[in-house]
Amino acid sequence: MSKAIKANKSKQNASKSGSNAPLIIGGVLLAAILGGWWMYTSSQSVPASNSTANTAATPIAARTPPVPVNAPPGAQPPNQSGSQTALVTLEEFADFQCGSCAAANPILNEIKSTYGSRIRFIFRNFPLSIPAHDKAFDAAVAAEASGMQGKFWEMQNLLFTNQKGWTDAGTYRDMWKGYAQKIGLDVAKWENDMAGMAAKSRVNADLERGRAMNVNSTPSLFINNTPVSFAEMKVETLKDLIDAQLKQAASSAERQKSLTKPEVVAE
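Numbering of residues begins from 1 in every chain and follows the order in which that chain's sequence is written. Residue-level local features of this predicted model are given only where pLDDT is at least 70; pairs of side-chain atoms are given and counted only at 80 or more, and the full residue set underlies all totals for whole chains, interfaces and linings. Think of the side-chain values as coming from all heavy atoms in the structure, minus any hydrogens and water.

Attention now moves to the overall build of the protein. Put simply, DSSP marks the helices as runs of H or I at least four residues long and the strands as runs of E at least two long, and each gets a number from the N terminus on. Helix and strand counts for the protein stand at nine helices and five strands. Listing the helices and strands of the protein from first to last along the sequence gives α-β-β-α-β-α-α-α-α-α-α-β-β-α. Residues counted as buried form 36% of the 267 residues belonging to the protein. Note on contacts: a residue pair is in contact if any heavy atoms of the two residues lie within 4.5 Å. If you take every contact in the protein between residues at least 6 apart in sequence, the share linking residues at least 24 apart comes to 81%. Each accessible area is a Shrake-Rupley estimate made with a 1.4 Å probe; only the visible protein chains count as cover when residues are assessed. Per element, the accessible surface of the protein, about 15700 Å² overall, is 57% carbon and sulfur. The classification of residues rests on relative accessible area computed with a 1.4 Å probe and restricted to protein chains. Under 20% of the type maximum is buried, over 50% is exposed, and intermediate values are partly exposed.

Expected span, for any helix, means 1.5 Å times one less than how many residues it has. Across its 12 residues, helix α3 (residues 136-147) extends 17 Å between first and last C-alpha, which sits within 8% of the 16 Å expected from 1.5 Å per residue. The buried fraction of α3 amounts to nine of the 12 residues, a majority that puts the element mostly inside the structure. Residues Ala136, Ala139, Ala140, Val141, Ala142, Ala143, Glu144, Ala145 and Ser146 constitute the buried set of α3.

A separate point is the packing of aromatic side chains. Given two aromatic rings, one states the distance between the centres and the angle between the planes to describe the pair. Any two of the Phe, Tyr and Trp rings considered here, Trp counted by its six-membered ring, make a pair once their centres fall within 6.5 Å; the pair's planes then place it as stacked at under 30 degrees, edge-to-face at over 60, or tilted in between. Evaluated as defined, the whole model comprises 11 aromatic pairs. Where Phe123 meets Trp153, the ring centres are 6.4 Å apart and the plane angle is 80°; that geometry is what we call edge-to-face. Here Phe123, found in strand β3 (residues 119-125), pairs with Trp153, found in helix α4 (residues 152-161); they are 30 residues apart in sequence, far enough to count as distant. Taken together, a centroid distance of 5.4 Å and an interplanar angle of 75° make the contact between Trp166 and Trp176 edge-to-face. Note that Trp166 is positioned in helix α5 (residues 163-168) and Trp176 in helix α6 (residues 172-182), a separation of 10 residues in sequence. The pair Trp166 / Trp176 is uniform in exposure class, with both members buried. A network of ring pairs unites the aromatic residues Phe96, Phe121, Phe123, Phe152, Trp153 and Phe160 as a single cluster. Comment: the charge-over-ring label is applied if NZ (Lys) or CZ (Arg) is within 6 Å of the ring centre and within 35 degrees of the ring normal. Directly above the ring of Trp153 sits Lys112, whose terminal nitrogen or CZ lies 3.9 Å from the centroid. When the ring centre of Tyr172 is taken as origin, the NZ or CZ atom of Lys135, which lies over that ring, is 5.3 Å away.

Relative to the helices and strands, Gln163 is located in helix α5. Residue classification places Gln163 among the buried positions, given a relative accessible area of 11%. Apart from residues lying up to four places away in sequence, Gln163 is in contact with Phe96, Gln97, Cys98, Gly99 and Ala102.

That bond from Gln76 to Pro77 is cis: its omega, -10°, falls within 30 degrees of zero. Examined against the element boundaries, Pro77 turns out to sit in the loop between α1 (3-44) and β1 (79-82). The peptide bond linking Thr218 to Pro219 adopts the cis configuration, its omega dihedral lying at -5°. In this fold, Pro219 is placed in the loop between α8 (197-212) and β4 (220-223). Even without a glycine there, the phi angle at Asn214 is positive, about 65°. Positionally, Asn214 belongs in the loop between α8 and β4. Within the chain, Asn224 stands out as a residue other than glycine whose phi angle is a positive 50°. With respect to the helices and strands, Asn224 occurs in the loop between β4 and β5 (226-228). Since its relative accessible area comes to 25%, Asn224 is described here as partly exposed.

This part covers the environment of Val67. In this structure, Val67 sits in the loop between α1 and β1. For the pair formed by Val67 and Ala212, sequence separation is 145 residues and the distance between their alpha carbons is 7.4 Å. Residues in contact with Val67, not counting those within four places in the same chain, are Met213 and Asn225.

Running from N to C, α6 and helix α7 (residues 187-195) point in directions that differ by 130°, and their axes come no closer than 10 Å. Looking at the two axes, α6 sits oblique to α7. Considering how the two elements wind past one another, α6 and α7 form a crossing that is right-handed. Seen from α6, the contacting residues are Arg173, Trp176, Lys177, Ala180 and Gln181; seen from α7, they are Val187, Trp190, Glu191 and Met194. Counted by class, the contact of α6 with α7 contains five nonpolar, one polar and three charged residues. As a rule, the C-alpha atoms of each element are fitted with a line to give its axis, helices using only the stretch in contact, and angles between N-to-C directions run from 0 to 180 degrees. Note on angle classes: values under 35 degrees are labelled roughly parallel, values over 145 roughly antiparallel, values of 65 to 115 roughly perpendicular, and the remainder oblique. By definition, turning the near helix anticlockwise from the far helix through less than a right angle yields a left-handed crossing, and turning it clockwise yields a right-handed one. The classification used treats Ala, Val, Leu, Ile, Met, Phe, Trp, Tyr, Cys and Pro as nonpolar, Asp, Glu, Lys and Arg as charged, and all other residues, Gly among them, as polar.

Below is the structure:
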């Protein structure tokens, strides 16, 4: 093939490549624009729930109450403090051998002290059936037997405060007997009540209620039958949740009062 023919073919190929270049560049630009638009719209459609949830910012009223209507009532009367007619109820399910329950106890004691009769606080026994909590059920029975002499809260606090000592001791029952003496119980009666069915039945009744409420770990806390996470079991967070409930209850009462107010007839 002559040099002239080769040169001519090279010019033709270059001409074709040159004429296709705008189409290729245009296609690349179009793909980039479409890709960018897709990524933007996808990012806008990502639900907020994909981010780390802040449960403390979720109002109690906006959460789904898990308590079935037919949940058993638990031990009656319950171990409670505050006012039975309070509009805000805190209900705790705890295990005396649970380290987190012991850590939460002073926090909840502060809440009870701060709000007094403005809230109702209920303690439920929920001893876990695991090897590491081999004394939990008996500890709950010891507290209930103390309650039969009006000293439930005193024994409850001693069991939580001294948790590590009696958990690790082989003579834990002797230690509990010492607590009973310290808080002024009739020790012989306390020991008989521990051996009887009444105290055990109260623990079992609390367990049945907890299971019906889907409790599977301790401590589990509910405010007006709505769960509160362990991360929220801090004094300031609990105060925020309780204050919101008290404010809501006060507003509802005010509205009800205005609806029932007798109409004044002008003479």
